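The residues making up each chain are set out below.
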Amino acid sequence: LGSTYAFVVPKDLLYVVPKGEIVERVSSLSEVESARVTRAGTTLTVTVTERTPAARYCVTQCFRMDEYGFIFDTVHDDTETVYRGGQLGVGGTYLEGRFHDLYKTVLELERAVGAHAAEVVVDNADDVFVHFDGQGEVRFTLDTPGQKLVTDVGAVMASARMAESTTFEYIDLRFGTKAAVKLKILRGSEAWQEAQ
């Protein structure tokens, strides 16, 4: 605002303030999702919407991501699920155009499994490995429809064999219509004692 238009009109004159330029510069900050400039009388208001952290993206350093995979800040806490795969930094987008669906699917899987998803790894072949606190991992491909995946995991969790075990090592759904499941039987459980 310290410069002028055509070396004559100052940019800080309220009626000719460069709203577009202000919005563009404020929006260029990685933490800002959107910005808006309004004028009412002699008051200029800049309204900023900050990005909401939804997950962490980690390589050698961890960053915050929004629910669309946009990486916008270094991480300050560790409550969000960690996503791994690729080499990105601030300003990058993890799984461009595909992350939002994966993010929503992982939230649904948490409900189906009954545990927090601590880490999600997507490898170069688009295979996904979701590691759950106190459980094992769910394996699937990135192209698997989320609702089908959640339904299949729910069916495994509700199965009679699952009721006999206290936890699973993995549920692998990468093979079309088949599910491979490896259960863990923990020492001290009734099932373990019966097996002895």
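This text follows the structure it describes.
In this text, all values refer to a predicted model and were calculated from it rather than measured experimentally.

Caption draft 1: Focus on the overall build of the protein chain. A tally of regular secondary structure across the protein chain gives five helices and 13 strands. Per-residue burial for the protein chain yields a buried fraction of 35% across its 196 residues. Long-range pairs, those at least 24 residues apart, make up 37% of the contacts in the protein chain between residues at least 6 apart in sequence. Element-wise, carbon and sulfur atoms account for 51% of the exposed surface of the protein chain, whose accessible area totals about 11,500 Å².

Caption draft 2: Seen up close, the packing of aromatic side chains. Using the criterion set out here, one finds five aromatic pairs in the structure. An angle of 45° between the planes, with centres 5.1 Å apart, marks the rings of Tyr57 and Tyr94 as tilted. Here Tyr94 lies in the loop between β8 (82-84) and α2 (99-113) and Tyr57 lies in strand β5 (residues 55-58), a separation of 37 residues in the sequence. On the basis of relative accessibility, which here comes to 2%, the residue Tyr94 falls in the buried class. Geometrically, the ring pair formed by Tyr83 and Phe99 is edge-to-face, given 4.9 Å between the ring centres and 75° between the ring planes. Taken together, the residues span a long stretch of sequence, with Tyr83 in strand β8 and Phe99 in helix α2 at a distance of 16 residues. In this structure, Tyr83 and Phe99 share a single accessibility class: buried.

Caption draft 3: Main features of the environment of Lys104. With respect to the helices and strands, the residue Lys104 is situated in helix α2. On the basis of relative accessibility, which here comes to 37%, the residue Lys104 falls in the partly exposed class. For the pair formed by Lys104 and Gly146, sequence separation is 42 residues and the distance between their alpha carbons is 8.0 Å.

Caption draft 4: Fine view of the pairing of strand β11 (residues 137-141). Within β11, four of the five residues are buried, which leaves the element mostly enclosed by the surrounding structure. With five bridges connecting them, strand β10 (residues 127-132) and β11 associate as antiparallel partners. Note that in β11 the partner of Asp127 across the bridge is Thr141. Examined bridge by bridge, β11 and strand β12 (residues 167-175) share three bridges and lie parallel to one another. What sits directly across from Val138, in β12, is Ile171.

Conventions used here
- Residues numbered from 1 in each chain as written.
- Predicted model: local features only at pLDDT ≥ 70, side-chain atom pairs only at ≥ 80, totals over all residues.
- Heavy atoms only, no water.
- Helix = DSSP H or I, 4+ residues; strand = E, 2+ residues; numbered from the N terminus.
- Buried < 20%, exposed > 50% of the residue type's maximum accessible area, 1.4 Å probe, protein only.
- Contact = heavy atoms within 4.5 Å.
- Areas by Shrake-Rupley, 256 points an atom, 1.4 Å probe, with all protein chains shown as cover.
- Phe/Tyr/Trp six-rings, centres within 6.5 Å; stacked < 30°, edge-to-face > 60°.
- Pairing = 2+ DSSP bridges.

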